[in-house]
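Chain by chain, the residues:
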Amino acid sequence: MPDDIDEEESGGTRSFWSGTVAFGLLSLPVNLYMASKRNAVSLRMLDSAGTPLSRRYFCSKDDEPLEPDDLVRGYEVSKDTFVEIRDEELEALEPEKSREINLTQFVPLESIDPLYFDKAYFLVPDEGAQKAYRLLAASMANMGRAGIATFVMRDKEYLIAIISEGGILRAETLRFHDEIRSPEDIGLPSPATADKTLVARLKKQVDQLSTKTFSPEELADDTAQRLQELVEKKLDEGEDVVHPANLPTQETAQVIDLMQVLKRSLEGKTERKAESPKSSRAKSTKATKSAPKKSSSEKNKPELDIDQNASRAELYELAKELHIPGRSQMSRDELMRALKRH
Amino acid sequence: MPARAMWKASLTIGSEQIPVKLYAALQDRDVHFRLLHAKDDVPVKQAMVNPETEEVVPKELVKRGVISSDGDVVILEEDELASLQPEPSREIQLMHFLPLGAIDRRFYRRPYYLGPDGSDAKYAALIKVLEESGKEGLAHWVMRNKSYVGALRLHEGYPILIALRSADEVVAISSIRTPKGSEPNEREVAMARQLIQMLAADFTPEQYHDEYRERVEALVEAKAKGGKNKVTHLHKTRKAPPQDLSKLLQASIQEKQHARRH
């Protein structure tokens, strides 16, 4: 679906979930795109020579350096007493993988308190589903209703509201009821009777500050901007700029499509050679190249050249397929390292 | 037990000042784990190492920096980073008041309750004015070295401040092209509306639970007691690919009607 999303304007967001929306007996194949993104420059930890540092774990008893295989997750039962919780145990609790968003209820959009909304994703229809998509979007918008459904993404089940706006359907994940505190939970006092003079005084100030329209420019992240400017200034002047030899640049790093690697590793395990119907999705992602074809003798031992731009979720998926222990506690960088070592 | 305030400030609306306390409106319900050394079940500690030499770099010698898209590392000194931070302040400054709903809800990130801090009279006046004006405020504040812009409005009759995402974090709806293809006909629209009507319900958030979290809690509890845990899976079915829109809508409506009679 690269045709339906403007990569430039949307900041190169890419589809990471594809599945179907079920509306009665209708099913619409869709792709999900992130409706928000993180633009802030991220700070890295370095040594005094500018070498990016890695996080390592050590036993707190004897300072022994630990490998991911030495780690296990623990739940603190009482102070300093833990029970081990294995990755496999948690994975057994994960919801069954599903590629369906089943619209079982349509609620008045206005009745969902804004505090429930968490993250938003755009739904873009596959070729052939456009008419059904337009039909659903138009009907929902016209009736002021949002569809409620659950869906499984990255091994977790989410409650979502499907909202129609501007001819586009979007999924918004909803917080659960017990994640939102009530004024009673906080212990806020019942409001006193307001004093008329105070109200009049305050109202005057509110009126003076009133405007009709909102301009999102007021939501500029000044700190991130100042950081960006400082970095650029230092780059221009060559001040405190180093180029560690071991740091691969994005140009020279070997970039190989993660999904291709994953598929190959699965093929290696099961000897299944059928082409996945979803392979086109992986190919359309930015800055990825297809992995060179491996001869059948190599298939059993897939070589892991990992897409340097792969997200944590993608790396986790791969780590899970390869049964890398301690994976769920690993950061993106740690997953990358563990996969390379594998 | 009343919640603990996370911050105290003065809400400034023009020349008026209202002393308030901030409370987190969201509650983290996730089950948290510690990483242990599997051999002896002792919690691990973390340290930063040079990945080339595996040598530990002591905390006080760790520097911070940014890696540019060209792979250049720009080292930023602590005083430079400190100079980027906003001026500390105890003020929540109201910049504007806007018609309720003027701020796209998609900017909402994280809500905080505002409670009174001393002056109940001023707090009561604030609630009254927000109630009667039909407006929400756009406010700016600096909390723990971080600068925020937020929306001030009422939630269940109490003032809340919702921290907003920055402008470039929210992808514009206009960046997604509306799908092409033929216009649905009247008959299809009527049927789609009928089906939505049949599935109409009120939003009852209490009916939904984070089932994964509940299963994790059950697992942890069972293991803490030394028992075995039962695993329940969710079951999902797949639907056939779409064919004739009208036919499927008609069939869906009939299916619903049939279900109702029984």
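Residues numbered from 1 in each chain as written. Chains lettered and ligands numbered in written order. Predicted model: local features only at pLDDT ≥ 70, side-chain atom pairs only at ≥ 80, totals over all residues.

1. Comments concerning the overall build of chain A
Phase 1: From N to C terminus, chain A includes nine helices and 14 strands.
Phase 2: The buried share among the 342 residues of chain A stands at 31%.
Phase 3: For chain A, contacts bridging at least 24 residues in sequence account for 65% of all contacts bridging at least 6. (Helix = DSSP H or I, 4+ residues; strand = E, 2+ residues; numbered from the N terminus. Buried ≥ 20, exposed ≤ 12 C-beta atoms within 10 Å, placed from the backbone. Contact = placed C-beta atoms within 7 Å.)

2. So, the overall build of chain B
Phase 1: A count of helical and extended segments in chain B gives five helices and twelve strands.
Phase 2: Taken against the 2.2 N^0.38 rule, which gives 18 Å for 262 residues, the C-alpha radius of gyration of chain B at 27 Å runs more than 25% over that of a compact globule.
Phase 3: Taking the principal axes of the C-alpha coordinates as reference, chain B spans close to 70 × 65 × 50 Å.
Phase 4: Buried residues in chain B amount to 30% of all 262 residues.
Phase 5: Across chain B, the fraction of contacts at a sequence separation of at least 24, relative to all contacts at a separation of at least 6, is 63%. (Rg over C-alpha atoms; globule rule 2.2 N^0.38 Å.)

3. What about the interface of chain A and chain B?
Phase 1: Across the contact, 150 residues belong to chain A and 141 residues belong to chain B.
Phase 2: When residues of the side of chain A that touches chain B are assigned to their parent elements, the largest contribution, eleven residues, is made by helix H2 (residues 130–143) of chain A.
Phase 3: Partitioning the side of chain A that touches chain B into residue classes produces 74 nonpolar, 37 polar and 39 charged.
Phase 4: Pairing between strand E3 (residues 44–46) of chain A and strand E6 (residues 63–67) of chain B: three bridges, direction antiparallel. Looking at the pairing, Met-45 of chain A lines up with Arg-64 of chain B of E6 of chain B. (Nonpolar A, V, L, I, M, F, W, Y, C, P; charged D, E, K, R; others polar. Pairing = 2+ DSSP bridges.)

4. Some points on the pairing of strand E6 (residues 71–78) of chain A
Phase 1: Bridge count between E6 of chain A and strand E3 (residues 34–37) of chain B: four bridges; the pairing is antiparallel. Along E3 of chain B, the bridge assignment pairs Val-72 of chain A with Leu-36 of chain B.
Phase 2: Sheet analysis places E6 of chain A next to strand E7 (residues 81–85) of chain A, joined by five bridges and oriented antiparallel. For Arg-73 of chain A, the partnering residue across the bridge sits in E7 of chain A and is Ile-85 of chain A.
Phase 3: In sequence, E6 of chain A turns back onto E7 of chain A through a hairpin of two residues, with Asp-80 of chain A there showing a positive phi of about 65°.

5. Quick notes on the sheet that holds strand E2 (residues 16–24) of chain B
Residue and element names in this part refer to chain B.
Phase 1: One closed barrel holds the seven strands; their spatial order is E1-E2-E9-E12-E11-E10-E8, and the pairing between them is mixed. On average, each strand axis in the sheet is inclined to that of its neighbour by 40°, with strand direction left out of account.
Phase 2: Note: E2 against strand E9 (residues 108–116), five bridges, orientation antiparallel. Its bridge partner being in E9, Tyr-23 is matched across the sheet by Tyr-113.
Phase 3: Where helix H2 (residues 120–133) meets the sheet, its contacts fall on E2, strand E8 (91–99), E9, strand E10 (135–143), strand E11 (146–155) and strand E12 (158–164), and the angle it forms with E11 comes to roughly 75°. (Axes fitted to C-alpha atoms, helices over the stretch in contact; angles between N-to-C directions.)

6. Quick word on the nonpolar core
Phase 1: Core analysis: the largest hydrophobic core is formed by 47 residues, its most contacted members being Val-21, Phe-122, Leu-123, Leu-136, Ile-160 and Ile-162 of chain A.
Phase 2: If near-sequence neighbours (up to four positions away) are discounted, Val-21 of chain A is found in contact with Ser-27, Leu-28, Val-30, Ile-101, Leu-103 and Leu-123 of chain A.
Phase 3: Counting 38 residues, the second largest nonpolar core, distinct from the first, contains Ile-18, Leu-114, Val-129 and Val-149 of chain B. (Core = buried A, V, L, I, M, F, W, Y, C linked by C-beta atoms within 7 Å.)

7. Description of the domain arrangement of chain B
Phase 1: Along its sequence, chain B is carved into domain 1 (7–28 + 86–168) and domain 2 (186–198 + 209–233 + 244–261).
Phase 2: Taking only C-alpha atoms, the centre of domain 1 of chain B and the centre of domain 2 of chain B are 38 Å apart. (Domains from an automatic or database assignment.)

8. Overview of the sheet that holds E6 of chain B
Phase 1: One open sheet accounts for four strands, arranged E3(A)-E6(B)-E7(B)-E14(A); its pairing is antiparallel. Both outer strands of the open sheet, E3 and strand E14 (241–242) of chain A, are each paired with one neighbouring strand and no more.
Phase 2: Where E6 of chain B meets strand E7 (residues 73–76) of chain B, four bridges bridge the pair, whose relative direction is antiparallel. By the bridge assignment for E7 of chain B, Ile-67 of chain B is matched with Val-73 of chain B.
Phase 3: Docked against the sheet, helix H5 (residues 222–237) of chain A engages E14 of chain A together with E6 and E7 of chain B, running at close to 115° with respect to E7 of chain B.

9. A closer look at the environment of Tyr-121 of chain A
Residues and elements named next belong to chain A.
Phase 1: Mapping Tyr-121 onto the fold places it in strand E10 (residues 117–125).
Phase 2: Measuring from C-alpha to C-alpha, the distance between Tyr-121 and Ala-171 comes to 5.1 Å, with 50 residues separating the pair along the chain.
Phase 3: When residues no more than four places from it in sequence are discounted, the contact partners of Tyr-121 are Leu-32, Tyr-33, Met-34, Ala-35, Arg-170 and Ala-171.

10. Here's the deal with H5 of chain A
Phase 1: Taking 1.5 Å of rise per residue, the 16 residues of H5 of chain A would be expected to cover 22 Å, and the 22 Å separating its terminal C-alpha atoms lies within 8% of that figure.
Phase 2: Just downstream of H5 of chain A, Gly-238 of chain A is the residue with a positive phi angle, here 65°. (Expected span 1.5 Å × (residues − 1).)

11. Quick look at the packing of helix H4 (residues 196–208) of chain A against H2 of chain B
Phase 1: Relative orientation of the contacting elements H4 of chain A and H2 of chain B amounts to 55°, with a least axis distance of 9 Å. As judged from the angle between their axes, H4 of chain A and H2 of chain B are oblique. Considering only the axes of H4 of chain A and H2 of chain B, their crossing is right-handed. Residue-level contacts link Leu-198, Val-199, Leu-202, Lys-203 and Val-206 of chain A of H4 of chain A to Ala-121, Lys-122, Ala-125, Leu-126, Lys-128, Val-129 and Ser-133 of chain B of H2 of chain B. (Parallel < 35°, antiparallel > 145°, perpendicular 65-115°, else oblique. Left-handed = near helix turned anticlockwise from the far one by under 90°.)

12. What to know about the packing of H2 of chain A against helix H3 (residues 186–198) of chain B
Phase 1: With their axes 9 Å apart at the nearest point, H2 of chain A and H3 of chain B run at an angle of 60° to one another. Taken together, the axes of H2 of chain A and H3 of chain B lie oblique to each other. Here H2 of chain A and H3 of chain B pass one another in a crossing that is right-handed. For the pair H2 of chain A and H3 of chain B, the contacting residues are Leu-135, Leu-136, Ala-138, Ser-139, Met-140 and Met-143 of chain A in the first and Glu-188, Val-189, Ala-192, Arg-193 and Ile-196 of chain B in the second.
Phase 2: Residue composition of the contact of H2 of chain A with H3 of chain B, grouped by class: eight nonpolar, one polar and two charged.

13. A short note on the confidence of the model for chain A
Residue and element names in this part refer to chain A.
Phase 1: Per-residue confidence for chain A gives a mean pLDDT of 77, with 74% of residues at or over 70.
Phase 2: Across residues 1–12 the pLDDT falls below 50, and counting only partners more than four positions away or on other chains, this stretch makes 24 contacts in the model.
Phase 3: Every residue in residues 248–303 is under pLDDT 50, and counting partners more than four places away or in other chains gives 67 contacts. (pLDDT = per-residue confidence, 0-100.)

14. Thoughts on the confidence of the model for chain B
Residue and element names in this part refer to chain B.
Phase 1: Confidence in the prediction for chain B averages 89 pLDDT; 92% of positions are at 70 or higher.
Phase 2: A low-confidence stretch, residues 228–240 (pLDDT under 50), is modelled with 20 contacts involving residues beyond four sequence positions or located in other chains.
Phase 3: Scored as a whole, the predicted complex attains pTM 0.78, and scored at its interfaces, ipTM 0.86.

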